[in-house]
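Close look at the chain arrangement
Chain residues, written in single-letter form:
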Amino acid sequence: MKKSVFFGALTVAGLAAGVAHAATLDDVKARGSLNCGVTTGLAGFAAPDANGNWEGFDVAVCRAVAAAIFGDGTKVNFVPTTGQTRFTALASGEIDVLARNTTWTFSRDTDLKFDFVGVNYYDGQGFIVPKALGVSSAKDLDGATVCIQTGTTTELNLADFFRINNISYEPVPIETNAEGQQQYLAGACDAYTTDASGLAATRATFEAPADHIILPEIISKEPLGPLVRHGDNAWGDIVMWTMNALIAAEELGVTSANIAEMSAAPGTNPEINRLLGTEGELGAMIGLSNDWAKNAIMASGNYGEIFEKNIGETTPIGLARGLNAQWTNGGLLYTPPFR
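Describing the pattern of salt bridges
Scanning the entire structure with this criterion turns up two salt bridges. Its salt-bridge partner being Asp96, residue Arg31 comes within 2.8 Å of it at the nearest N-O pair. Taken as a pair, Arg31 in helix 2 (residues 24-31) and Asp96 in the loop between helix 4 (86-91) and strand 5 (97-98) lie far apart in primary sequence, 65 residues in all. The exposure class of Arg31 is partly exposed, given its relative accessible area of 35%. The residue Glu250 makes a salt bridge to Arg321 at a minimum N-O spacing of 2.9 Å. Of this pair, Glu250 sits in helix 9 (residues 233-252) while Arg321 sits in the segment after helix 14 (303-310), placing them 71 residues apart in sequence.

As structure tokens, this is what we get:
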């Protein structure tokens, strides 16, 4: 098992080395669209609607990057990836950016030769169980069967948690969230574990959500965010600062409702003016038009709008901002200055 993981890492690292110095922005422009890796389907984060149109919190990042480049957030090809296929897809150049629930870790950043451009969701791993199981704590799961996605940090965290607490479990390997949901509801496992946000999103799709509880323990830190290949810093800057633009827009009070007016009649706040391209030449510094950030924000709104629309407390998923609130509201969202 360890040997296959080792050689898998070498394969991904080798692929990354082969394409690391490609000018990704030039490739994207020549293609006329962005290739964005997303999950195979997770409600609120990335899933196609009834008409096949992709929607969700992570999808909005893809659309913002496309809008920053093309002025059009629809110029995206969404490529579904699993925990097993996502890194190969990025390393090989099949996708230009990976925007799915992927945790920033030391080995992924260094050994697999990827650059995480920031964190767009601060999360932690949890457990969901049927109420009928009569369990109120993850520490009560001694001997339980647990559905777990392979090729994920979740798999490693699970082993650590049970080892630390000197209890045992039987893993039920799954490849996608849809498979995990199916197996869990079919009774193939006593519990399902993944990021707490993913558990909330999954439970929201159940016919009887109230029959299932998310246990109180959060057993890990899961900083989730978009990533790109090592070796093309100019491309990494575009993805990173596009995400920062969404965060900064919320902090500065720039919304999808007022952005047109703010752009047409620049105000007295110089950082807002620089963000919207009415002052300075920030766009030229990253090879884009001066209204790149304005276009990115207009694609789906600022960070807060994206959060509330897709996964916020008024949605079936019902997530509170918590750690994902702006730093001015006690959260961890904090973007470097636009100057």
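Read on for the rest.
Describing the packing of helix 3 (residues 57-70) against helix 13 (residues 292-300)
Contact geometry for helix 3 and helix 13: axes closest at 7 Å, N-to-C directions at 145°. Crossing handedness for the pair helix 3 and helix 13: right-handed. Contact residues: helix 3 offers Ala60, Arg63, Ala64, Ala67 and Ala68, while helix 13 offers Trp292, Asn295, Ala296, Ala299 and Ser300. Its residues placed into classes, the contact of helix 3 with helix 13 shows seven nonpolar, two polar and one charged.

A short note on helix 3
Spanning 14 residues, helix 3 covers 20 Å between terminal C-alpha atoms, matching the ideal 20 Å at 1.5 Å per step. The buried fraction of helix 3 is high, at 13 of 14 residues. Phi for Gly71, located one or two positions after helix 3, is positive at around 75°.

What about the layout of surface pockets?
The computed volume of the second largest pocket comes to approximately 380 Å³. Glu55, Gly56, Arg63, Ser300 and Lys309 are, among the 24 residues lining the second largest pocket, the residues nearest its centre. At the level of elements, strand 2 (47-48), strand 3 (54-55), helix 3, helix 13 and helix 14 are the ones that each hand at least two residues to the lining of the second largest pocket. Looking at the lining of the second largest pocket, its residues break down into eleven nonpolar, eight polar and five charged.

Quick notes on the rules
Residues numbered from 1 in each chain as written. Predicted model: local features only at pLDDT ≥ 70, side-chain atom pairs only at ≥ 80, totals over all residues. Heavy atoms only, no water. Salt bridge = Lys/Arg side-chain N within 4 Å of Asp/Glu carboxyl O. Helix = DSSP H or I, 4+ residues; strand = E, 2+ residues; numbered from the N terminus. Buried < 20%, exposed > 50% of the residue type's maximum accessible area, 1.4 Å probe, protein only. Axes fitted to C-alpha atoms, helices over the stretch in contact; angles between N-to-C directions. Left-handed = near helix turned anticlockwise from the far one by under 90°. Contact = heavy atoms within 4.5 Å. Nonpolar A, V, L, I, M, F, W, Y, C, P; charged D, E, K, R; others polar. Expected span 1.5 Å × (residues − 1). 1 Å grid on protein atoms, 1.4 Å probe; cavity = no way out; pocket = protein on both sides within 12 Å on 5 of 7 lines; lining within 4 Å. Points joined across faces, edges and corners; volume = space filled by probe spheres on them.

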